[in-house]
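Coordinates in review
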Amino acid sequence: MALKFDTSFDPAYGQAVTVAPDIQRITARNPSPFTFHGTNSYLVGRDTLAVIDPGPDDDTHLETLLKAIGQRPVSHIFVSHTHRDHSPLAARLKERTGAIVLAEGPHRPARPLRIGEINPLDASADMAFAPDMALQDDTLVDGDGWAIKTVLTPGHAANHAAFALEGSGVLFSADHVMAWATSIVAPPDGAMADYMTSLDRLIERGDRLLLPGHGGPVTAPRSFMRGLKTHRKMRERAILERIRGGDRTIKEMVAAIYRDTDPRLHGAAGLSVLAHLEDLVARGLVATDGDPAIDGIFRPVGQDLP
């Protein structure tokens, strides 16, 4: 299918919006080119609640969450991954509710940093985060009238997890699949091969509704995710064509491939191209001297540098 993004979204700041039975969405007021209108936090349950992705460390968002929670107890706080727009508020919400915090684990890159390499995404990482309970793949957590299964989906981040509400066909897809845009996959935080493997896994699951970390729901998940997969393959093909056509640097490729993209996103686009190139080099389709790097020189396999 042709991939069509849905940018029609009302964040309804300050309010809890019911998006499915016993599920409410509260959107933090932290809009940006990377977060769309802001980070979505979700309340799950009727009597005793779970919170999924408490969001950024923001006083107003905390008070909005607590107002929506009301007098109901919160037993669990699930965190999809450790970027600063998703995890930092977990500590304060735990302090106010007494809930336990669950996540795959602390922040870590998808691969070790290479000699001399600096992680350009360090500022976006919540390095202070540590869950009370580390979640394994397929871990099932039972609550009061609900059960949530962990579906590990590395790619956007090494510790990224989606959460399936058992018996409902609803999956909280966080930043792995979003209706409004593609997910950023930026080394060394993320890895394209991991992302594509995780995407295949979600396609196979057959969930009926995805509730993402930013923007509105994905209402036809399988066809949309197949479109995402095709989109990534087309981007890979475009990179190969640019290299075979003479481009040698990521800067050259971004200028051509992302010419219609907001210039504020070109830095992230460069990291996305690097993620593709890491995968292409590993598969023997592109050559470079040493490890793939953001300032590296790339060429078709079998062609020596001048």
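In what follows, the accompanying structure is described. Here the structure is a predicted model, which is why all the values come from computation and not from measurement.

A look at the packing of aromatic side chains
Applying the stated criterion across every chain yields a total of 6 aromatic pairs. Relative to tryptophan 180, the ring of phenylalanine 36 has its centre 4.4 Å away and its plane inclined at 5 degrees; by these criteria the two rings are stacked. Note that phenylalanine 36 is positioned in the loop between strand 2 (23-27) and strand 3 (40-44) and tryptophan 180 in the loop between strand 11 (170-174) and helix 3 (192-205), a separation of 144 residues in sequence. The exposure classification of phenylalanine 36 matches that of tryptophan 180, with both residues buried. Across the ring face of tyrosine 195, the terminal group of arginine 232 is positioned such that the distance to the ring centre comes to 4.7 Å. Over the face of the ring belonging to tyrosine 258 we find arginine 235, whose NZ or CZ atom lies 4.5 Å from the ring centre.

Some details on the sheet that holds strand 6 (residues 100-103)
The sheet built from 7 strands is open, its strands ordered 1-2-3-4-5-6-7 with mixed pairing. At either end of the open sheet lies a strand with only one pairing partner, and these are strand 1 (17-20) and strand 7 (133-134). Sheet analysis places strand 2 next to strand 3, joined by 5 bridges and oriented antiparallel. Bridge pairing in strand 3 places isoleucine 26 opposite serine 41. Against the sheet, helix 2 (residues 90-97) engages strand 4 (49-52), strand 5 (74-78) and strand 6, with an angle of about 175 degrees to strand 5.

Some points on unusual backbone geometry
Note on backbone geometry: most residues besides glycine have negative phi, and most peptide bonds are trans. Of note, the bond from proline 187 into proline 188 is cis; its omega dihedral lies within 30 degrees of zero at 0 degrees. With respect to the secondary-structure elements, proline 188 resides in the loop between strand 11 and helix 3. Positive phi, close to 60 degrees, is recorded for aspartate 53, a residue that is not glycine. Tracing the backbone shows aspartate 53 in the loop between strand 4 and helix 1 (59-69).

Overview of the pairing of strand 3
Of all 5 residues that make up strand 3, 5 are buried, and the element is covered over most of its length. The alternating pattern of strand 3 places Asn40, Tyr42 and Val44 on one face and Ser41 and Leu43 on the opposite face, and all of these are buried. Bridge analysis of strand 3 against strand 4 gives 3 bridges, and the strand direction is antiparallel. Counted as the bridge partner of valine 44 is alanine 50 from strand 4. The turn linking strand 3 back onto strand 4 is made up of 4 residues, and glycine 45 within it adopts a positive phi angle of 120 degrees.

Some thoughts on the sheet that holds strand 11
What the 5 strands build is an open sheet, ordered 8-9-10-11-12; its pairing is mixed. Two strands lie at the open edges of the sheet, namely strand 8 (140-142) and strand 12 (209-212), each paired on one side alone. Each neighbouring strand pair of the sheet contributes to a mean axis angle of 25 degrees, computed without reference to strand direction. Pairing between strand 11 and strand 12: 4 bridges, direction parallel. Looking across to strand 12, one finds that leucine 171 is bridged to leucine 210. Strands strand 9 (147-152), strand 10 (161-165) and strand 11 of the sheet are contacted by helix 3, whose axis makes an angle of about 140 degrees with strand 9.

A word on the pattern of salt bridges
The final tally for this structure, using the stated rule, is 18 salt bridges. Between arginine 264 and aspartate 262 there is a salt bridge, and its shortest N-O distance comes to 2.7 Å. The exposed category is assigned to arginine 264, whose relative accessible area is 61%. Assessed through its relative accessible area of 27%, aspartate 262 is described here as partly exposed.

Comments concerning the packing of helix 3 against helix 4 (residues 221-244)
Across the interface, helix 3 lies against helix 4 with an axial gap of 9 Å and an inter-helix angle of 155 degrees. Classed by the angle they form, the pair helix 3 and helix 4 counts as roughly antiparallel. Crossing geometry of helix 3 relative to helix 4 is assigned as left-handed. Across the interface between the two elements, Met192, Tyr195, Met196, Leu199, Asp200, Leu202, Ile203, Glu204 and Arg205 of helix 3 pack against Arg222, Met225, Arg226, Leu228, Lys229, Arg232 and Lys233 of helix 4. Residue classes in the contact of helix 3 with helix 4 are distributed as 8 nonpolar, no polar and 8 charged.

Cut-offs applied
Residues numbered from 1 in each chain as written. Predicted model: local features only at pLDDT ≥ 70, side-chain atom pairs only at ≥ 80, totals over all residues. Heavy atoms only, no water. Phe/Tyr/Trp six-rings, centres within 6.5 Å; stacked < 30°, edge-to-face > 60°. Helix = DSSP H or I, 4+ residues; strand = E, 2+ residues; numbered from the N terminus. Buried < 20%, exposed > 50% of the residue type's maximum accessible area, 1.4 Å probe, protein only. Lys NZ or Arg CZ within 6 Å of the ring centre and 35° of its normal. Pairing = 2+ DSSP bridges. Contact = heavy atoms within 4.5 Å. Axes fitted to C-alpha atoms, helices over the stretch in contact; angles between N-to-C directions. Salt bridge = Lys/Arg side-chain N within 4 Å of Asp/Glu carboxyl O. Parallel < 35°, antiparallel > 145°, perpendicular 65-115°, else oblique. Left-handed = near helix turned anticlockwise from the far one by under 90°. Nonpolar A, V, L, I, M, F, W, Y, C, P; charged D, E, K, R; others polar.

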